[in-house]
Amino acid sequence: MPHYLIESSHTPEECVRALTAIMESGSQILSHSWFACGGSAHTGWINIEADNESQARYVLPPLMRSAAHVVEVHKFTPEEIRGFHKKSCEASSRMMGTL
């Protein structure tokens, strides 16, 4: 199942309301949430599995959904990264050959 990173920002004045809304959404959402509210960045991140971007956004409380930024994220193995390097080198070689 795809993984999504949801980023939701709020103002210092909205902080307690936003955190309370996340808390009231259920312990599963809260346990997957990270916040920077103790400092100067009033932003929260949630890492979840969902079928699609819309479903991922729907885990947020209604007051946060429209402004949230939702991105599908991936983990890569060392072998996959080595494959990316190989493909990149091959593409560069082909481009150099056409100059």
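Everything below is about the structure printed above this text.
Here the structure is a predicted model, which is why all the values come from computation and not from measurement.

Asker: Looking at this model, I keep getting lost on the side chain of S33. Mind explaining?
Answerer: Inspection of the secondary structure assignment puts S33 in strand β2 (residues 33–35). Its relative accessible area of 11% is what places S33 among the buried residues. A polar contact is formed between the side chain of S33 and the backbone oxygen of I29, at a distance of 2.7 Å.

Asker: Explain the layout of surface pockets here, please?
Answerer: Left-over empty space is what a probe sized like a water molecule reveals as it rolls over the atoms. Looking at the largest pocket, its volume works out to about 160 Å³. Of all the secondary-structure elements, those providing two or more residues to the lining of the largest pocket are α2 (27–31) and β3 (43–49). A per-element tally of the lining of the largest pocket places β3 first, with three residues. Taken together, the residues that form the lining of the largest pocket break down as three nonpolar, four polar and one charged.

Asker: Please clarify how the sheet that holds β2 should be interpreted in this entry.
Answerer: Each strand in a sheet pairs with another by means of backbone hydrogen bonds, the pair being arranged parallel or else antiparallel. Read from one edge to the other, the open sheet built from four strands follows the order β2-β3-β1-β4, with strand pairing classed as antiparallel. What marks the edges here is a single partner per strand, and that holds for β2 and β4 (69–73). Taken over all neighbouring pairs, the strand axes of this sheet differ in orientation by 20° on average, direction set aside. Bridge analysis of strand β1 (residues 3–9) against β3 gives seven bridges, and the strand direction is antiparallel. Each residue of the ladder has a partner; that of L5, found in β3, is N47.

Asker: Could you clarify how one ought to interpret the pattern of salt bridges in this entry?
Answerer: Opposite charge on two side chains makes pairing possible when the charged atoms of those side chains draw close. For the structure on display, the rule yields two salt bridges. Between E53 and R57 there is a salt bridge; the shortest N-O distance is 3.4 Å. Within this pair, E53 and its partner R57 are both found in helix α3 (residues 53–58), separated by four residues, close to a single helical turn. A relative accessible area of 39% places E53 in the partly exposed class. The partner of E79 in a salt bridge is R82, with the nearest N and O atoms 4.0 Å apart.

Conventions adopted
Residues numbered from 1 in each chain as written. Predicted model: local features only at pLDDT ≥ 70, side-chain atom pairs only at ≥ 80, totals over all residues. Heavy atoms only, no water. Helix = DSSP H or I, 4+ residues; strand = E, 2+ residues; numbered from the N terminus. Buried < 20%, exposed > 50% of the residue type's maximum accessible area, 1.4 Å probe, protein only. Polar contact = N/O pair within 3.5 Å; in protein donor to acceptor, adjacent residues only side chain to side chain. 1 Å grid on protein atoms, 1.4 Å probe; cavity = no way out; pocket = protein on both sides within 12 Å on 5 of 7 lines; lining within 4 Å. Points joined across faces, edges and corners; volume = space filled by probe spheres on them. Nonpolar A, V, L, I, M, F, W, Y, C, P; charged D, E, K, R; others polar. Pairing = 2+ DSSP bridges. Axes fitted to C-alpha atoms, helices over the stretch in contact; angles between N-to-C directions. Salt bridge = Lys/Arg side-chain N within 4 Å of Asp/Glu carboxyl O.

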